[in-house]
Amino acid sequence: MIDFANLEAWFVTGSQHLYGPETLKKVEEHSTTIARALSASSVVPVKVVAKHVMTSDESILQLCLDANSSKNCIGLITWMHTFSPARMWIAGLRLLNKPFLHLHTQFSEELPWSTIDMDFMNLHQSAHGDREFGFIGARLRLKRKIIVGSWQDDRVQGEIGVWMRAACARHDAQVLKVARFGDNMRNVAVTEGDKLDAQIRLCYSVNGFGVGDLKQRVQQVTDAQVQRLAAEYDEAYAVAEPLRAGGSRRPALFEAARIELGLRYFLEDTGSQAFTDTFEDLHGLAQLPGIAVQRLMADGYGFGAEGDWKTAALVRAMKIMGHGLQGGTSFMEDYTYDLRDGGRVLGAHMLEVCPSIAEGKPSAEIHPLSIGGKDDPVRLVFTASCGSAVNTSIVDLGSRFRLIVNQVNLVRPEQPLPKLPVARAIWIPEPNLKIAATSWIMAGGSHHTALSRALTCEYLQDFAELAGMECLLIDHKTNVADFVKELRWNDVYYHLANGL
Ligand code: MN
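Procedures and definitions
- Starting from 1, residues in each chain are numbered consecutively following that chain's sequence as written.
- Local features in this predicted model are restricted to residues whose pLDDT is 70 or higher, and side-chain atom pairs enter the listing and the counts only when it is 80 or higher, whereas totals over whole chains, interfaces and linings include all residues.
- Where side-chain values are given, they derive from all heavy atoms of the structure, hydrogens and water being excluded.
- Only the contacting stretch of a helix is used when fitting its axis, a line to C-alpha atoms as for every element, and angles between N-to-C directions run 0 to 180 degrees.
- Note on conventions: DSSP H or I runs of at least 4 residues are helices, E runs of at least 2 residues are strands, and numbering of each starts at the N terminus.
- Helix crossings are classified by the rotation of the near helix relative to the far one: an anticlockwise turn of less than a right angle makes the crossing left-handed, while a clockwise turn makes it right-handed.
- Between two residues, a contact is recorded if the distance between any of their heavy atoms is within 4.5 Å.
- When DSSP finds two or more bridges between a pair of strands, those strands are recorded as paired.
- Here a donor is an N, O or S atom found within 2.8 Å of the metal, or within 3.2 Å if the metal is Na, K or Ca; sites may look incomplete because water is not among the atoms.
- For each residue, the accessible area found with a 1.4 Å probe, counting protein chains only, is set against the maximum for its type, and the residue is called buried under 20%, exposed over 50%, and partly exposed in between.
- The definition of a nonpolar core used throughout is a set of buried Ala, Val, Leu, Ile, Met, Phe, Trp, Tyr and Cys residues joined through side-chain atoms within 4.5 Å.
- Centres within 6.5 Å are what make two rings of Phe, Tyr or Trp a pair, Trp counting through its six-membered ring; a difference in plane orientation under 30 degrees is then read as stacked, over 60 as edge-to-face, and the rest as tilted.

1. Notes on the packing of helix α8 (residues 211–219) against helix α10 (residues 250–270)
(1) Moving on: The geometry of α8 relative to α10 is characterised by a closest axis approach of 8 Å and an angle of 115 degrees between their N-to-C directions. For α8 against α10, the interelement crossing comes out right-handed. Along its contact with α8, which presents D213, L214, R217 and V218, the element α10 presents R258, I259, G262, L263, Y265, F266 and D269.

Given below as structure tokens:
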């Protein structure tokens, strides 16, 4: 359901007529060469399309209008190979509503010491041409990413790739629909928020549906479809004895498969790519969706439990950014602690953790759920794989959305967890639990999070920047005193920046 095949970034090179047609021809050649190289790079996720060299107000304006109306264009990569007087860019940039990246590079990586002459100097002018262009970005107060270095450099290409993935998530948000079955869990504060404000600022829409409509869709699923999906479960997971063919709980597995199919069709019918549910509103459903939610997340759907639409949209954005990368992304909750030796978090949820972060083959199991008063739900049980990850939360502060990103390290459980009937992840937050949790709680970070093994902090920072969202990073450099100051400064900044 996530597909980058049709998406593209436009590579836009600026110049002017002053240098004559020969130089402009060279500029165009170089521009095409760079665009091709970026397009071919394994770390660049979408096609990079070279546009004609821009030499006039009119062509720049037209290009920006074309970008705005292009369904496939995720953003612009701009570069001033020669000097491009930046007043030419005002009309276009003022109207551009796609993200843009300013790549400050030079076609020739090496300075040809023994042969350099004025021809070389006049062609390779980005050292000052890009500064002229940069000024107008600053003067217009435009949001933009600046990446500096050789276009052939792996690190530079990696940074471009990160930004592009963030731009893909921003692109997805323009059409993202979050379906909600039921409201927020009663009395919970942090999962609440302003849905209208989210649509205005973050673009996605949040739409409520009666769980009765979902029930109807579940009832329309045929027995043959259920049998086919149950066979798929048998193949994909280590299915627990009672759930296997002939087992005493096999009907519960069929019911879980029926719920998955109904939910899947419902989301397809409504064009929703993210969703929430709540155990408090399951009227007509036999079980709280467990394996259904887990598998839908694995397919790229965003999810938030207990009506948490902000986290659902965040999981979706992170699924987009992580598409095709190693390591998965899941809805998560800081559940319980081991406070010895500096501290560790055991993250889990009642059921809904995505198997994309699993180590090894998950097992399909059935256990009672102590809340909700429904039948025992079928769920996938596993432990998350080890390594570095980001744990992220989005909260609504009333006047703005705040994204909090914690760099964490997933570790192996110290001992087996034979009685824990849910999927789990164990991690040590950076710089340690004491500082990370103090900062997180001070910032109002939620218990619900999106955890990703595929992404680093840079993806989230780029994404927040594109969305105009505050982003707070908690990593090895964080100390509480500075963090608290950042919170205070940000309050002032966003108060002023928001205006009336
Ligand atoms: Mn929860």
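Structure shown, so let's carry the discussion forward.
2. Digging into the sheet that holds strand β6 (residues 177–181)
(1) Moving on: Read from one edge to the other, the open sheet built from 4 strands follows the order β7-β6-β9-β10, with strand pairing classed as parallel. Every other strand in the sheet has two partners, leaving β7 (205–209) and β10 (302–304) as the edge strands with one partner each. Each neighbouring strand pair of the sheet contributes to a mean axis angle of 20 degrees, computed without reference to strand direction.
(2) Moving on: For β6 and β7, the ladder comprises 5 bridges, and the chain directions are parallel. When the bridges of β7 are listed, R180 appears paired with G208.

3. Side note on the coordination of the manganese ion
(1) Moving on: Within the protein, the manganese ion binds to E306 (OE), E333 (OE), H349 (NE2) and H448 (NE2); these donor distances fall in the range 2.2 Å.
(2) Moving on: The sequence motif formed by the donor residues of the manganese ion is E-x26-E-x15-H-x98-H. In this pair, E306 sits in the loop between β10 and α12 (309–321) while H448 sits in strand β18 (residues 448–452), placing the two residues 142 residues apart along the sequence.
(3) Moving on: Judged by its relative accessible area of 8%, E306 is buried.

4. Observations regarding the nonpolar core
(1) Moving on: Core analysis: the biggest nonpolar cluster contains 86 residues, and M164 and F275 have the highest contact counts within it.
(2) Moving on: The contacts of F275, once residues within four sequence positions are left out, are V178, A179, F181, L263, L267, V293, L296, Y301, G302, F303, G304 and A312.
(3) Moving on: In terms of nonpolar packing, the next biggest core, distinct from the first, is built from 34 residues, A230, A256, A257 and V378 among them.

5. Section: the pairing of strand β13 (residues 363–366)
(1) Moving on: Neither face of β13 is open: one carries S363 and E365, the other A364 and I366, and all of them are buried.
(2) Moving on: As judged from the 2 bridges shared by strand β8 (residues 238–239) and β13, these two strands associate in the parallel manner. Bridge pairing in β13 places V239 opposite A364.
(3) Moving on: As defined by bridge partners, β13 adjoins strand β14 (residues 378–381) across 4 bridges and the pair is classed as antiparallel. Bridge pairing in β14 places S363 opposite V381.

6. Details of the packing of aromatic side chains
(1) Moving on: Under the criterion given, the structure shown has 12 aromatic pairs.
(2) Moving on: Residues F11 and W79 carry aromatic rings whose centres are separated by 6.2 Å and whose planes lie at 45 degrees to one another, so their mutual orientation is tilted. Here the residue F11 occupies a position in strand β1 (residues 8–14), and W79 occupies one in strand β3 (residues 73–80), the gap between them amounting to 68 residues.
(3) Moving on: Residue F11 is classed as buried on the basis of its relative accessible area, which comes to 0%.
(4) Moving on: Take W79: its relative accessible area is 0%, and that puts it in the buried class.
(5) Moving on: Relative to F266, the ring of F209 lies with its centre 5.1 Å away and its plane at 85 degrees, an arrangement referred to as edge-to-face. Remark: F266 occurs in helix α10 and F209 occurs in strand β7; sequence separation between them is 57 residues.
(6) Moving on: The buried category is assigned to F266, whose relative accessible area is 8%.
(7) Moving on: Counting every residue linked through ring pairs, the aromatic cluster contains W89, F100 and F133.

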